[in-house]
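Structural features, examined
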Amino acid sequence: MPNMIVCVKQIADPEAPAGSFKIDEAAKTMVPAQGVSQVVSPFDENAAEAALRIKDTQGGKITVISLGKDFVMDVIKKPLSMGADELILLQDPAFEGGDSHSTAYALAMAIKKVGEFDIVFCGRQAADWDAGQVGSGIAEILGIPSVTPAQKVDIADGKVTVERVITDGYEVVEGTAPMLITVSNELGEPRYPKLKGIMAAAKKEPIIWSAADIDADAAKCGAAGTKAKLMKLFVPVKEGKCELIEADSPEEAGVALALKLREARLI
Amino acid sequence: MADNKGVLICGELIDGKPAPSTLELLGGGRALADKLGEPLMLALLGSGLGDAAKEGIAYGADKVFTVDDALLKDYATDAYISVMQKIVQQVAPNILLMGTTPMGRDLAPRLAFKLETAVSMDCLELAIDDASKLMLATRAVFGGNARGVFLCEGTKPQMATVRSKAMDPREADASRTGEIAAIDAGLDASAVRTKVTNTVKEEVAGIKLEDAEVIIAGGRGIASAEGFKMLDPLAATLKAATGASRPPCDNGWVSPSIQIGLTGKIVGPALYIAVAVSGSSQHMAGCSGAKNIVAINKDPEANIFKEARFGVVGDFNKIIPAFTDKVKELVG
Ligand SMILES: Cc1cc2nc3c(=O)[nH]c(=O)nc-3n(C[C@H](O)[C@H](O)[C@H](O)COP(=O)(O)OP(=O)(O)OC[C@H]3O[C@@H](n4cnc5c(N)ncnc54)[C@H](O)[C@@H]3O)c2cc1C
Ligand SMILES: Nc1ncnc2c1ncn2[C@@H]1O[C@H](COP(=O)(O)O)[C@@H](O)[C@H]1O
């Protein structure tokens, strides 16, 4: 039965209204606005769903790993309530201030400690910094093949078949486990947790590992292990000069819009 | 490390010709190379490369490395990583660029980790810092709500992938001269651990979204596949391509290949008519290059009105038929 690992990141809801988005330019960080909730990064839910679909038909074990701080238990336990088996939280001041390199390194070390696995699933990109690197990075560090991004994943007798999303379609990629796969929304909606799953997840204690627990080299973790330097973070200015076409009825507004576009030589 | 020189582009071919993303990179890369006073180089990997190298020179490259091998016919992670690692070791470039394409998205991060250097993904702008002579890579972060400017300080090559349409190609100049050098792939088939067994591509009828001058885009508010049909007569009259935000694709009302946005297509038409689209940052990431955005939305507070030049607040079911008839009369 397949052993699967899913890497998930907790982030501020990326679909919160654009108007609520704030940053601190001096600190070069995003400032979570009032009322914006924490969520599992959406593609990571797709990754969990990919693993669960395999578990649905073949059984097996799903271990979820997340690196971060200020975890909201109800949020980070969501993959457990969907049906995953274990939750490992990588929590240590040494992991803070990292970039794609240090994050992938810590996750790869944790995966090594978990031991045997057939597939590691990641999201195609974390919906905060939209980097899209950590999955491939983990695969490179572990020295295993990777396929990115997937819309369908099957495994049979160690043979992995992936539909990889490409422009205007997909390609079928085959390989052998162990493998790392990143998952995209084309896979389909992640399942809603059922009450039974939520209750089981509530009782489940996450395993917490520090840098020392995973034998991580401090020089490669968190801020110490970064290779990219953020020089500046800013919000682009928008002109925001929309001319609203007003009329007595929607039909007349449609006509007025056509005339307006003609006048502006757009049609 | 201080000896790394030149801007190297990892090119892509479509039907034997340099892809639009590669021509754009040659245009943008040329400017970086000139600023640094270093050469612009192009690597072309494939099987049966023909005249593509010459075209690379016509579009701005000083030197083209060709790697022609049957194992490189289609993109395969292990094969391309291995060859690119070899080229980077041989050429020692200062900067290495790729397109934000299915290949670049897969190849760039894995190669960066192999080379133990940093890559900035999906950049909108690249510049050379006057003081340090290092590359400043500007990319959209937080779904397009913000921009981050990144620098790769300690390692080479400095890597980036660049968003489609973020850079302009130069005019082809067939009289430009340059050097073409063949490099042996040196690949061992057994080292390529994954294999593409089938490719399923949808043939796009009519005008391609990426090239369209007019786009009609429908959002979640269209509510059904039938709803999208209401946009067809308008699209036909304006010779427009039809696009969508993500929900209509996820819901199966339209093909996923017409998704516009951060993880969909990047478009830059003269006119973009967004119907029942709220204007999320992730959607706008794909269409903010449009010269004129027109919004039709029943919610006056919708973010799309902050991005649009013209807008109508109301129900598209009522507005679109009247709008279409009038457009037909004016255009026809
Ligand atoms: C990492 C990440 C990547 C993403 N990538 C993309 C991407 O590439 N492309 C993309 O589009 N999205 C993407 N999304 C999703 C994005 O965040 C939004 O959820 C999505 O764009 C919303 O689509 P929408 O505007 O059609 O739907 P909604 O936000 O639900 O808006 C529907 C709009 O329709 C209007 N409406 C409803 N009925 C009518 C009517 N009868 N007449 C007129 N107006 C009506 C409503 O007022 C509303 O404004 C991504 C999200 C994440 C987290
Ligand atoms: N802090 C983290 N904890 C767990 N998984 C992560 C973390 N950061 C990134 N990942 C995984 O790597 C994927 C790509 O992330 P990124 O490269 O940051 O866009 C995400 O979708 C997650 O699956």
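Residues numbered from 1 in each chain as written. Chains lettered and ligands numbered in written order. Predicted model: local features only at pLDDT ≥ 70, side-chain atom pairs only at ≥ 80, totals over all residues. Heavy atoms only, no water.

On to the interface of chain A and chain B. For an interface, size is often stated in terms of accessible area lost upon the parts coming together. Each side of the interface is counted separately: chain A has 72 residues, and chain B has 73 residues. Buried surface at the junction of chain A and chain B, both sides included, amounts to about 6800 Å², of which 60% is carbon and sulfur. Considering only the surface of chain A that becomes buried against chain B, A:E140, A:D168 and A:L266 emerge as the three largest contributors, covering 10% of it. For the pair chain A and chain B, the number of links is 5 salt bridges. For the salt bridge of B:E307 with A:K238, the shortest nitrogen-to-oxygen distance reads 3.2 Å. Where chain A packs against chain B, one counts 33 residue pairs in polar contact (both at pLDDT 80 or more). Looking at the side of chain A that touches chain B, the elements that each hand over two or more residues are helix 4 (100-114), helix 5 (134-142), strand 9 (146-156), strand 10 (159-166), strand 11 (169-176), strand 14 (229-234), strand 15 (243-244) and helix 7 (250-263) of chain A. (Contact = heavy atoms within 4.5 Å. Buried area = accessible area lost by both parts, 1.4 Å probe. Salt bridge = Lys/Arg side-chain N within 4 Å of Asp/Glu carboxyl O. Polar contact = N/O pair within 3.5 Å; in protein donor to acceptor, adjacent residues only side chain to side chain. Helix = DSSP H or I, 4+ residues; strand = E, 2+ residues; numbered from the N terminus.)

Across all of its chains, the model carries 0 disulfides over all chains by this definition. Considering cysteine sulfurs only, A:C7 is the nearest to A:C122, which forms no disulfide, with 4.0 Å between them. Among the cysteines around B:C152, which has no disulfide bond, B:C123 carries the closest sulfur, lying 12 Å off. With relative accessibility at 7%, the residue B:C152 sits in the buried group. (Disulfide = S-S within 2.5 Å. Buried < 20%, exposed > 50% of the residue type's maximum accessible area, 1.4 Å probe, protein only.)

Judged by nonpolar contacts, the single largest core of 52 residues is most densely connected at A:L257, B:I216, B:L238, B:Y272, B:I273 and B:F323. Ignoring any residue separated from it by four or fewer positions in sequence, one finds A:L257 in contact with A:I245, B:V294, B:I296, B:F310, B:V312 and B:F323. Membership of the second largest hydrophobic core comes to 34 residues, among which are A:F71, A:V75, A:L87 and A:A201. (Core = buried A, V, L, I, M, F, W, Y, C linked by side-chain atoms within 4.5 Å.)

Turning our attention to the site of ligand 2. All names here are of chain A. Around ligand 2 there are 17 residues in total, and C7, D44, G132, Q133 and V134 lie nearest to it. In the environment of ligand 2, an oxygen atom lies 2.7 Å from a nitrogen or oxygen atom belonging to the backbone of C7. In the environment of ligand 2, a nitrogen atom lies 3.3 Å from a nitrogen or oxygen atom belonging to the backbone of V8. For ligand 2, the accessible surface in isolation is 480 Å², of which the surrounding protein chains cover 97%. Those elements that provide at least two residues to the shell around ligand 2 are strand 6 (61-67), helix 4 and strand 8 (119-123). The leading source of residues in the shell around ligand 2 is strand 6, at 3 residues. (Near = heavy atom within 4 Å. Areas by Shrake-Rupley, 256 points an atom, 1.4 Å probe, with all protein chains shown as cover.)

Taken together, the 10 strands give an open sheet; going across it, the order is 14(A)-9(B)-8(B)-7(B)-10(B)-6(B)-1(B)-4(B)-5(B)-11(B), and neighbouring strands pair in mixed fashion. Edge positions in the sheet fall to strand 14 of chain A together with strand 11 (179-182) of chain B, since each of these pairs with one other strand and no more. Neighbour-to-neighbour, the strand axes of the sheet open up by a mean angle of 30°, direction not taken into account. Of the strand pairs in this sheet, strand 4 (residues 40-46) of chain B and strand 5 (residues 63-68) of chain B are connected by 6 bridges, and their pairing is parallel. Looking across to strand 5 of chain B, one finds that B:L44 is bridged to B:T66. Most of the contacts of helix 3 (residues 77-91) of chain B go to strand 4 of chain B, to which it runs at about 150°, and overall it touches strand 1 (7-10), strand 4, strand 5 and strand 6 (95-99) of chain B. Relative to the sheet, helix 4 (residues 102-114) of chain B contacts strand 1, strand 6, strand 7 (119-128) and strand 10 (158-162) of chain B, its axis offset from that of strand 7 of chain B by approximately 85°. (Pairing = 2+ DSSP bridges. Axes fitted to C-alpha atoms, helices over the stretch in contact; angles between N-to-C directions.)

The next thing to look at is unusual backbone geometry. With glycine set apart, most residues show a phi of negative sign, and most peptide bonds adopt trans. The step from A:T148 to A:P149 runs through a cis peptide bond, and the omega angle for that step is -20°. Mapped onto the secondary structure, A:P149 falls in strand 9. The omega torsion across B:K156 and B:P157 is -5°, close enough to zero to call that bond cis. With respect to the helices and strands, the residue B:P157 is situated in the loop between strand 9 (146-151) and strand 10. In this model, B:A223 sits at a positive phi of 75°, which is unusual for a non-glycine residue. If you trace the backbone, B:A223 turns up in the loop between strand 13 (214-218) and helix 5 (225-229). One non-glycine residue, B:K239, adopts positive backbone phi at about 50°. Inspection of the secondary structure assignment puts B:K239 in the loop between helix 6 (232-237) and strand 14 (241-244).

On to the pairing of strand 15 (residues 271-275) of chain B, then. Residue and element names in this part refer to chain B. For strand 15, the buried fraction is high: 5 of the 5 residues fall into the buried class. Burial along strand 15 is two-sided: L271, I273 and V275 facing one way and Y272 and A274 facing the other are all buried. Examined bridge by bridge, strand 13 and strand 15 share 5 bridges and lie parallel to one another. Along strand 15, the bridge assignment pairs I216 with I273. Alignment of strand 15 against strand 16 (residues 292-297), held across 5 bridges, turns out to be parallel. Counterpart to Y272 in the pairing with strand 16 is I293. With helix 8 (residues 281-287) bridging strand 15 and the parallel strand 16, this β-α-β connection has right-handed handedness. (Right-handed = clockwise from strand over helix to strand, strands pointing away.)

Okay, the pattern of salt bridges next. All names here are of chain A. Here the structure, examined in full by the defined rule, presents 31 salt bridges over all chains. Salt-bridge contacts for K9 lead to D128; the nearest nitrogen and oxygen are separated by 2.9 Å. Note that K9 is positioned in the loop between strand 1 (3-7) and strand 2 (10-12) and D128 in the loop between strand 8 and helix 5, a separation of 119 residues in sequence. Note that E86 is salt-bridged to K204, the shortest N-O span being 3.5 Å. Of this pair, E86 sits in strand 7 (residues 86-90) while K204 sits in the loop between helix 6 (195-203) and strand 13 (207-209), and the two are 118 residues apart along the sequence. The network of salt bridges with common partners includes E49, R53, D56 and R191.

Once that is clear, we can look at the confidence of the model for chain B. On average, chain B scores 96 in pLDDT, and the residues at 70 or more come to 99%. Two numbers describe this predicted complex: its pTM, 0.96, and its ipTM, 0.96. (pLDDT = per-residue confidence, 0-100.)

Read from one edge to the other, the open sheet built from 6 strands follows the order 15(A)-17(B)-16(B)-15(B)-13(B)-14(B), with strand pairing classed as parallel. Both edges of this open sheet fall to strand 15 of chain A together with strand 14 of chain B, since each of them pairs with a single strand only. In the sheet, strand 13 of chain B pairs with strand 14 of chain B via 4 bridges, with the strands oriented parallel. By the bridge assignment, B:I215 is partnered in strand 14 of chain B with B:A241. Its contacts with the sheet put helix 7 of chain A on strand 15 of chain A together with strand 16 and strand 17 (310-313) of chain B, and the angle it makes with strand 17 of chain B is roughly 175°.

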